[in-house]
Amino acid sequence: MTVTGDVQIVNFTVGDVDYGVPVEQVREVRDFQAVTPVPGAPSYVEGVTNLRGQIITVMDLRKRLNIEEGEGAGEKIIVIEMGKAAVGVMVDTVTEVSTIAEADIERHIQVSKKLENYVVGVAKQGEKLIVVMDLTKIISDNDEDLPEHGRLSSKKPHVIEQMPSA
Amino acid sequence: MPKYKMLNTTATRYLQYLQGVQGAVVAINKDFDVTYINEYGAKMLKSTPGKIIRKTKCYDLFKTSNCKTAKCACAIAMKNKKSASSEAMSDNQMNLWMTGTPTYDNEGKISGAIEYVVDITSLKRESEQNKQQMQYLEGVQTPVIAIDEEFNIKYINSFGATILGSTADKLVGKKCHDVFKTGDCKTSKCVCAIAMKSKKPATSETSCNETMQIKCTGSPLFDDKGKIVGAVEYIADITELKGMLESTQGLVEVSTSVANNIEGLSGEVLKTAESIGAMGAQSSQASERLSNTMEQVMAASQNVSDGAQSLSKLAQETAKNVQLLMDKMTNVNTNTVEVNKIVNESNKVAQVASESGKEALKSLGAIKDASNDVGKTIGEVNASVKDVAGLADDISQIAGQINMLALNAAIEAARAGEAGRGFAVVADAVKQLAGQAGTAAKTSVESIDTITKAGERAGSMSKSADQAAIEGNVNVNEAVNGSQQVASSMQKILGVTQNLETAVQESVRYLEEVGGVIEQVASFSEESASASEQTAASIEEQTAATEEVAVAATKVQEEVRKVIELAQKIAAEAKTFRDMWQ
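Residues numbered from 1 in each chain as written. Chains lettered and ligands numbered in written order. Predicted model: local features only at pLDDT ≥ 70, side-chain atom pairs only at ≥ 80, totals over all residues. Heavy atoms only, no water.

Here we look at helix H10 (residues 191-198) of chain B
All names here are of chain B.
Argument step 1. Among the residues of H10, Val191, Cys192, Ala195 and Met196 are the ones counted as buried. Seen along its axis, H10 keeps its buried residues to an arc of 130°; they face one direction.
Argument step 2. Where the residues of H10 are buried, they touch strand E6 (144-148), strand E8 (202-208), strand E9 (212-222) and strand E10 (228-237).
Argument step 3. Immediately beyond the C-terminal end of H10, within one or two residues, lies Lys199, with a positive phi of roughly 55°. (Buried < 20%, exposed > 50% of the residue type's maximum accessible area, 1.4 Å probe, protein only. Helix = DSSP H or I, 4+ residues; strand = E, 2+ residues; numbered from the N terminus. Arc of directions from axis to C-beta. Contact = heavy atoms within 4.5 Å.)

Comments concerning the interface of chain B and chain A
Argument step 1. With nine residues of chain B at the contact, the number on the chain A side is 16 residues.
Argument step 2. Of the roughly 990 Å² buried between chain B and chain A on both sides combined, carbon and sulfur atoms contribute 59%.
Argument step 3. Interface area lost by chain B to chain A is led by Met404, Ile411 and Arg415 of chain B, which between them contribute 50%.
Argument step 4. Counting across the interface, chain B meets chain A through one salt bridge.
Argument step 5. Of the residues in the side of chain B that touches chain A, the class split is five nonpolar, one polar and three charged. (Buried area = accessible area lost by both parts, 1.4 Å probe. Salt bridge = Lys/Arg side-chain N within 4 Å of Asp/Glu carboxyl O. Nonpolar A, V, L, I, M, F, W, Y, C, P; charged D, E, K, R; others polar.)

Topic: the sheet that holds E9 of chain B
Paired through backbone hydrogen bonds, the strands of a sheet run either parallel or antiparallel to each other.
All names here are of chain B.
Argument step 1. Strand order in the open sheet made by the five strands is E7-E6-E10-E9-E8, with antiparallel pairing throughout. The outermost strands of the open sheet, each flanked by one partner alone, are strand E7 (153-156) and E8. Recorded for the sheet is a direction-independent mean angle of 25° between the axes of neighbouring strands.
Argument step 2. Where E9 meets E10, nine bridges bridge the pair, whose relative direction is antiparallel. Within the sheet, the bridge partner assigned to Cys216 lies in E10 and is Ile235. (Pairing = 2+ DSSP bridges. Axes fitted to C-alpha atoms, helices over the stretch in contact; angles between N-to-C directions.)

Things to note about the environment of Leu65 of chain A
Argument step 1. As for its position among the elements, Leu65 of chain A is in the loop between helix H1 (61-64) and strand E6 (76-82).
Argument step 2. Separated by 21 residues in sequence, Leu65 of chain A and Tyr44 of chain A place their C-alpha atoms 8.9 Å apart.

Things to note about the pattern of salt bridges
Argument step 1. Inspection of the entire model under this criterion finds nine salt bridges over all chains.
Argument step 2. Between Arg27 of chain A and Glu81 of chain A there is a salt bridge; the shortest N-O distance is 3.2 Å. Here Glu81 of chain A lies in strand E6 and Arg27 of chain A lies in strand E3 (residues 26-31), a separation of 54 residues in the sequence.
Argument step 3. With relative accessibility at 19%, the residue Arg27 of chain A sits in the buried group.
Argument step 4. Residues Glu28 of chain A and Arg52 of chain A are paired through a salt bridge, measuring 2.2 Å at the closest nitrogen-oxygen approach. One end of the pair, Glu28 of chain A, is in strand E3; the other, Arg52 of chain A, is in the loop between strand E4 (45-51) and strand E5 (54-60), with 24 residues separating them in the sequence.
Argument step 5. Judged by its relative accessible area of 62%, Arg52 of chain A falls in the exposed class.
Argument step 6. Beyond isolated ion pairs, a larger network of salt bridges with shared partners links Arg27 and Glu81 of chain A together with Arg415 of chain B.

Here we look at the side chain of Asn38 of chain B
Residues and elements named next belong to chain B.
Argument step 1. Its place among the elements puts Asn38 in the loop between strand E2 (34-37) and helix H2 (39-44).
Argument step 2. Within the structure, the side chain of Asn38 is placed 2.8 Å from the backbone nitrogen of Gly41, a separation counted as a polar contact.
Argument step 3. Those residues in contact with Asn38 that lie beyond four places of it in its chain are Leu18, Gln19, Val21, Gly23, Ala24, Val25 and Pro49. (Polar contact = N/O pair within 3.5 Å; in protein donor to acceptor, adjacent residues only side chain to side chain.)

Topic: the nonpolar core
Argument step 1. Among the nonpolar cores identified, the biggest contains 31 residues, and Phe12, Leu61, Ile80, Val91, Val94, Met133 and Ile138 of chain A are the most heavily contacted of them.
Argument step 2. Listed by contribution, the elements that provide at least two residues to this core are strand E1 (7-14), strand E2 (17-22), E3, E6, strand E7 (85-91), strand E11 (128-133) and helix H2 (135-140) of chain A together with helix H11 (239-416) of chain B.
Argument step 3. The leading source of residues in this core is H11 of chain B, at four residues.
Argument step 4. Beyond its immediate stretch of four places on either side in the chain, Phe12 of chain A contacts Val17, Asp18, Tyr19, Gly20, Val21, Leu61, Ile78, Val91, Thr93, Val94 and Thr95 of chain A.
Argument step 5. Formed by 23 residues, the second largest nonpolar core is a distinct cluster that contains Val34, Cys58, Cys72 and Ala113 of chain B. (Core = buried A, V, L, I, M, F, W, Y, C linked by side-chain atoms within 4.5 Å.)

Let's talk about the packing of aromatic side chains
Note on aromatic pairs: each is described by the distance of the centres and the angle between the planes.
Argument step 1. Per the stated rule, a full pass over the model turns up two aromatic pairs over all chains.
Argument step 2. With 5.6 Å between their ring centres and 15° between their planes, Phe12 of chain A and Tyr19 of chain A make a pair best called stacked. Both residues of the pair, Phe12 of chain A and Tyr19 of chain A, belong to the buried class.
Argument step 3. Judged by centre distance (6.2 Å) and plane angle (55°), the ring pair of Phe32 of chain B and Tyr59 of chain B falls under tilted. Taken together, the residues span a long stretch of sequence, with Phe32 of chain B in the loop between strand E1 (24-29) and E2 and Tyr59 of chain B in helix H4 (residues 58-62) at a distance of 27 residues. The same class applies to Phe32 of chain B as to Tyr59 of chain B, namely buried. (Phe/Tyr/Trp six-rings, centres within 6.5 Å; stacked < 30°, edge-to-face > 60°.)

Notes on a nonpolar patch on the surface
Argument step 1. On the surface, a nonpolar cluster with roughly 250 Å² of combined accessible area is contributed by Phe423, Val426 and Val430 of chain B.
Argument step 2. The exposure class of Val426 of chain B is partly exposed, given its relative accessible area of 48%. (Patch = residues over 30% accessible without salt bridge, like charges linked within 9 Å, V, L, I, M, F, W, Y side chains within 5 Å. Areas by Shrake-Rupley, 256 points an atom, 1.4 Å probe, with all protein chains shown as cover.)

Examining the sheet that holds strand E9 (residues 105-106) of chain A
All names here are of chain A.
Argument step 1. A sheet is described by the order of its strands in space; here six strands give the open sequence E8-E1-E2-E11-E10-E9, paired in mixed fashion. Looking at the sheet topology across the chains shown, the edges are occupied by strand E8 (93-100) and E9.
Argument step 2. Bridge analysis of E2 against E11 gives two bridges, and the strand direction is parallel. Bridge pairing in E11 places Tyr19 opposite Val131.

Observations concerning the environment of Gly183 of chain B
Residue and element names in this part refer to chain B.
Argument step 1. As for its placement among the helices and strands, Gly183 is situated in the loop between helix H9 (176-180) and H10.
Argument step 2. By relative accessible area, Gly183 is classed as partly exposed at 48%.
Argument step 3. It is 9.1 Å that separates the C-alpha atoms of Gly183 and Glu205, two residues lying 22 residues apart in sequence.
Argument step 4. When neighbours within four sequence positions are excluded, Gly183 is seen to be in contact with Thr206 and Ser207.

By themselves, these figures tell us nothing about what the structure is for.
See below:
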């Protein structure tokens, strides 16, 4: 999807890094709740859970992006809307909903080829740099990895090898 | 006849006299040279005058005990210019009577001396003998006197002088008839006169001084030529004899008359005496038997006495031993009392220690209680703080939830676009409030954590204090228990020692009783001993008395026998008398 003009994002963290996700992709934010593990699912899939009558897949972003730095408990779940379906993404903290001016977003950032599809850009917010992610892509990019696709990927997940500099 | 011739004749005649003197005559000069010695003198010295004259000193001749001493008669005579005599002993044990006379020269000066020496050895001996004889006479226990023909007393022995109440010295020279004044004096009956006249001893009886009956015996005294020179009278006091004789004569008469009766009586006396004798014999036998029995009893009582004495000794020794034992026990008692004292003191100390321990325990208990209270309070505070902490957590959670709600509201507002913009502001305000509440809760939680930690520390501190108190309590308890045990041990020891003391005191009392009993036994046995001694003594007395009785009986027997003999004699005498007088 293409974002123009001022962008409203939901700020969250995984490890030491500040991330953002466009508010349009987010249905809601929840505290982590118990999940039912799914046998044969990829390692970054925690399992499934019942969200007000709707069964959703919960995945661990840290594991998905192969992030090893920093600490985090994955206490929050950001529910990403995907059409009628939804996916729960485990993040460490969700801090706020903020608005970033278009000018403050660098959209052309050379990162690893694998992350090219997921990273919208890097936004300046005060002193902080925020990696703005398209979480719908991170889920849909590897359909085979999703439990609803019934396939497990043996491939290693793509990792941001180097943080894009400003 | 010329004068010198006459002188010469006279001298020759004198010399002849001197030559005829039956004694030694010696003339000496002043130097004791012999100038003359007569024939007798030379003969006495078994020499001749020619060998002696002018050849020897007089003291070399005679060698008497007086020679060359102040006693030399010649020396005295020459010194005193008059004659002097002295008795001396010659070297051949002759008694010499020496008389010295001074001689003068023509001018009247002492030229020497003439000594006349007589051998008086035999004379001396006779004199000694006479003296001895005189002593014999002196020893005669009856008056002996010697008189001369004129009845002058020449000698009277001391017995005679004593009888006359005078001394021999005063009586010698007096007339015998003046002294004795007997009935025979100055009569023809005078035994001395008769003796001198008849030249034979004569005896007569007379009275002297009208009170004394005397028997005088006179013996004539002769001189060497058998001529009567006096008499010796021997006087015997026969006053008693005379009286006896007279009474005897009276007795004879009485006896004669009594003799007949006696002869008759003597038979009866004899019989009686014999029966008395028999009785005496019986009495003697009986008393002997009694005596024997008494002796047996005495021996028995002596045995009893000995036994009692040994018992007494034994008892005394036992008493001594008991006394010793008692002394020792008293010592033990003293020691026990001492031990008791010490134990008592220790007990007191232990009790004090126990009480101190108890007080310490109490204090510790108080400390423990206090620290317990502190601990409790701290615990309560902690609990309250925890509650508060819980509340804060709740607030924090609520704040988080509110934050979440605000976030979701913000998301909804953002998704709503323009329509949701006001709502987004509200949501943001809510979110901020929630954030503040959360921060406040967080801060309060931190504070509460601090408080909780402090409280926990206080709690642990109070707990450790409590623990310390408990430990102290335990220690003190142990100490108290220990001291209580000590006290109870002391109490036990005290009990034991008190028992010991009591036992010792009882045993001492018992020993005292035993001692008393033994003393009683001793005194009893002493009494018994003395009693049996008394018994023995009384038996002895009894025996002695019995023996005396026996002796008396024997004496009676003897007396009776004597009486019998006497009676027989008397009877015989009576018969003789009768025969004589009839």
